[in-house]
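Here is how the chains run, residue by residue.
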Amino acid sequence: MAEAEAPDGIEPAEVERWFADHVPQASAPLGYERITGGRSNLTFTVTDAEGSRWVLRRPPLGERLASAHDMGREQRIMSALSGSLVPVPPVAGYSDSDDVNGAPFYVMEHVEGPILRTRSDAEKAFDEAERERISERVVDALVAIHSVDPDAVGLGELGRKEGYVERQLKRWHGQWEKSKTRELELIDDVHQRLAARVPEQGPARIVHGDYRLDNMILSPEGEVRAVLDWELSTLGDPLADVGLLLVYWARPGDDLAPLADAPTLADGFLERERIRDLYAERSGRDLSEIDFYVALGYWKLAIILEGVLARYGRGQYGKSADGYEHFEAIVADLAAAADQAERV
């Protein structure tokens, strides 16, 4: 592929040389296609001359916040989980240098299967009965993640085990201060109220940090083949994942859907309350404080999308970036939802 034909975020000549050294089964020339759907890092399908495929993941273009978009951390987590009950894509290689492609990146094996990003995706791929079963499998995969002993898989030093929520509140409020495009008083107000009543944390587990249906690859039968996007993962309170999953789990009649046209709007998916109860039953964890974690999820997601909006304004998603203009209103709506959930 000629360099001019490569999408923004790919240096084709250098990446092809890297593949020759690290993924020798790939046959040049390589082709690259941007995978849409991600709102943080850039993800590309890499196809070789024989039609074999891999997935390359790298940070957005331009300057990055120091603590964000850590490709090494993400691939380390997936590599460590590859022998566990958690379904993850096999990692094919990692580059920690900016010299090859302008930023660190990793390459993983291509996992075949549908990713349900929209209601239409869900309706086309599965019937209502299958969507109900998928709902249970999403819960089961999260229970599997939270059942892993971090020390047993070599991730015991991934992060501090105690004080997870306090650290999240500090980290994301700091990210807000660095990336905000305007003042939004509710972000600061909810931050103060959450910080004043953090629930007691149980034993630390791996926290995915962005667990939702469109961050996984399914099989044609609706099994979870791979959980993706481990960028925000660390050690801490697993209930934060449950709260954020409930935030993302939009259902018909909701006033706010954080993801436009969310797949779970399709008929057949379980109601949010049933997702919560299934997790409690299958994990054995006490969810009596779940409203706190839902509020934390709304608040954190507002800040994440504000960062996306800021990077979009700086052109860090390349020439093809679109669909971000409405994020300003969504961030405000998420802050209001966090305010309401915290008051429950």
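Residues numbered from 1 in each chain as written. Predicted model: local features only at pLDDT ≥ 70, side-chain atom pairs only at ≥ 80, totals over all residues. Heavy atoms only, no water.

Trainee: Describe the overall build of the chain, and please don't skip the residues or the numbers.
Mentor: Per the secondary structure count, the chain includes ten helices and nine strands. A compact globule built from 344 residues would reach a C-alpha radius of gyration of about 20 Å, and the chain, at 20 Å, matches this within 12%. Taken along the three principal axes of its C-alpha coordinates, the chain extends 55 × 45 × 40 Å. Relative to all contacts within the chain whose residues are 6 or more apart in sequence, the contacts with residues 24 or more apart total 71%. For the chain, the exposed surface amounts to about 14,900 Å²; the carbon and sulfur share of it is 46%. Looking at the chain, you have 39 positive and 63 negative side-chain charges, and the mean spots of the two groups are 2 Å apart. (Helix = DSSP H or I, 4+ residues; strand = E, 2+ residues; numbered from the N terminus. Rg over C-alpha atoms; globule rule 2.2 N^0.38 Å. Contact = heavy atoms within 4.5 Å. Areas by Shrake-Rupley, 256 points an atom, 1.4 Å probe, with all protein chains shown as cover. Lys, Arg positive; Asp, Glu negative; His and termini not counted. Charge placed at Lys NZ, Arg CZ, Asp CG, Glu CD.)

Trainee: With reference to specific residues and values, describe the sheet that holds strand β4 (residues 91–95).
Mentor: Spatial strand order, β1-β2-β3-β5-β4: five strands in an open sheet with antiparallel pairing. For this open sheet the edge positions go to β1 (31–34) and β4, each flanked by a neighbour on one side alone. Averaged over neighbouring strand pairs, the angle between their axes works out to 25° when direction is ignored. Taken strand by strand, helix α1 (residues 12–22) contacts β1, β2 (42–47), β3 (53–58), β4 and β5 (105–109), and its axis lies near 125° from that of β4. (Pairing = 2+ DSSP bridges. Axes fitted to C-alpha atoms, helices over the stretch in contact; angles between N-to-C directions.)

Trainee: Provide a residue-level description of the pattern of salt bridges, including the pertinent values.
Mentor: Here the structure, examined in full by the defined rule, presents 23 salt bridges. For Arg53, the salt bridge identified is with Glu112, shortest N-O distance 2.7 Å. Separated by 59 residues along the polypeptide, Arg53 in strand β3 and Glu112 in the loop between β5 and α3 (119–125) bring together distant segments of the chain. Note on Glu112: relative accessible area 46%, which makes it partly exposed. Taking the shortest distance from any N to any O, the salt bridge between Arg119 and Glu123 comes out at 3.1 Å. Of this pair, Arg119 and Glu123 both sit in helix α3, four residues apart, which is roughly one turn of that helix. The class of Arg119 is partly exposed, set by a relative accessible area of 29%. Given the relative accessible area of 38%, Glu123 is considered partly exposed. The network of salt bridges with shared partners includes Asp189, Arg193, Arg197, Asp339, Glu342 and Arg343. (Salt bridge = Lys/Arg side-chain N within 4 Å of Asp/Glu carboxyl O. Buried < 20%, exposed > 50% of the residue type's maximum accessible area, 1.4 Å probe, protein only.)

Trainee: Requested: an account of empty space enclosed by the protein, with residues and values cited.
Mentor: Counted under the stated rule, the structure contains two cavities of 30 Å³ or more. Quantified by volume, the largest cavity comes out at close to 70 Å³. In this structure, the largest cavity is lined by Tyr164, Gln168, Val207, Gly209, Ala240, Asp241, Leu244, Tyr293, Leu296, Gly297 and Lys300. Put simply, the parts of the chain that give the lining of the largest cavity at least two residues each are α5 (164–179), α7 (239–248) and α9 (290–313). Here the lining of the largest cavity takes four residues from α9, the largest share from any one element. (1 Å grid on protein atoms, 1.4 Å probe; cavity = no way out; pocket = protein on both sides within 12 Å on 5 of 7 lines; lining within 4 Å. Points joined across faces, edges and corners; volume = space filled by probe spheres on them.)

Trainee: Describe the packing of α5 against α9, naming the residues involved and giving the relevant values.
Mentor: Relative orientation of the contacting elements α5 and α9 amounts to 30°, with a least axis distance of 9 Å. Comparing the axis directions of α5 and α9 gives the class roughly parallel. Considering the relative orientation of α5 and α9, their crossing is left-handed. Residues Tyr164, Val165, Gln168, Leu169, Trp172, His173, Gln175, Trp176 and Ser179 of α5 form the contact with α9, whose own contacting residues are Phe292, Tyr293, Leu296, Trp299, Lys300, Ile303, Ile304, Glu306, Gly307 and Ala310. Tallied by class, the residues present in the contact of α5 with α9 amount to twelve nonpolar, five polar and two charged. (Parallel < 35°, antiparallel > 145°, perpendicular 65-115°, else oblique. Left-handed = near helix turned anticlockwise from the far one by under 90°. Nonpolar A, V, L, I, M, F, W, Y, C, P; charged D, E, K, R; others polar.)

Trainee: Lay out the nonpolar core with the relevant residues and their values.
Mentor: Core analysis: the biggest nonpolar cluster contains 83 residues, and Tyr211, Trp230, Tyr298 and Trp299 have the highest contact counts within it. When residues of this core are assigned to their parent elements, the largest contribution, 15 residues, is made by α9. Among residues more than four places away in sequence, those in contact with Trp299 are Gln168, Leu169, Trp172, His173, Ile187, Val190, His191, Leu194 and Ala338. One finds Phe19, Tyr32, Val100 and Val107 within the second-largest nonpolar core, a separate group that totals 18 residues. (Core = buried A, V, L, I, M, F, W, Y, C linked by side-chain atoms within 4.5 Å.)

Trainee: Before we move on, can you summarise the pairing of strand β8 (residues 224–227) with the specific residues and values?
Mentor: Note: strand β7 (residues 216–218) against β8, three bridges, orientation antiparallel. If you follow Ile217 over to β8, its bridge partner there is Ala226. Between β7 and the antiparallel strand that follows it, β8, lie five residues; Gly222 among them carries a positive phi value of about 90°.

Trainee: Describe the side chain of Lys300, listing the residues and the values that go with them.
Mentor: Summarising the element assignment, Lys300 is placed in helix α9. An unpaired buried charge is present at Lys300: no salt bridge exists, and Asp241, the closest side chain of opposite charge, is 6.2 Å distant.

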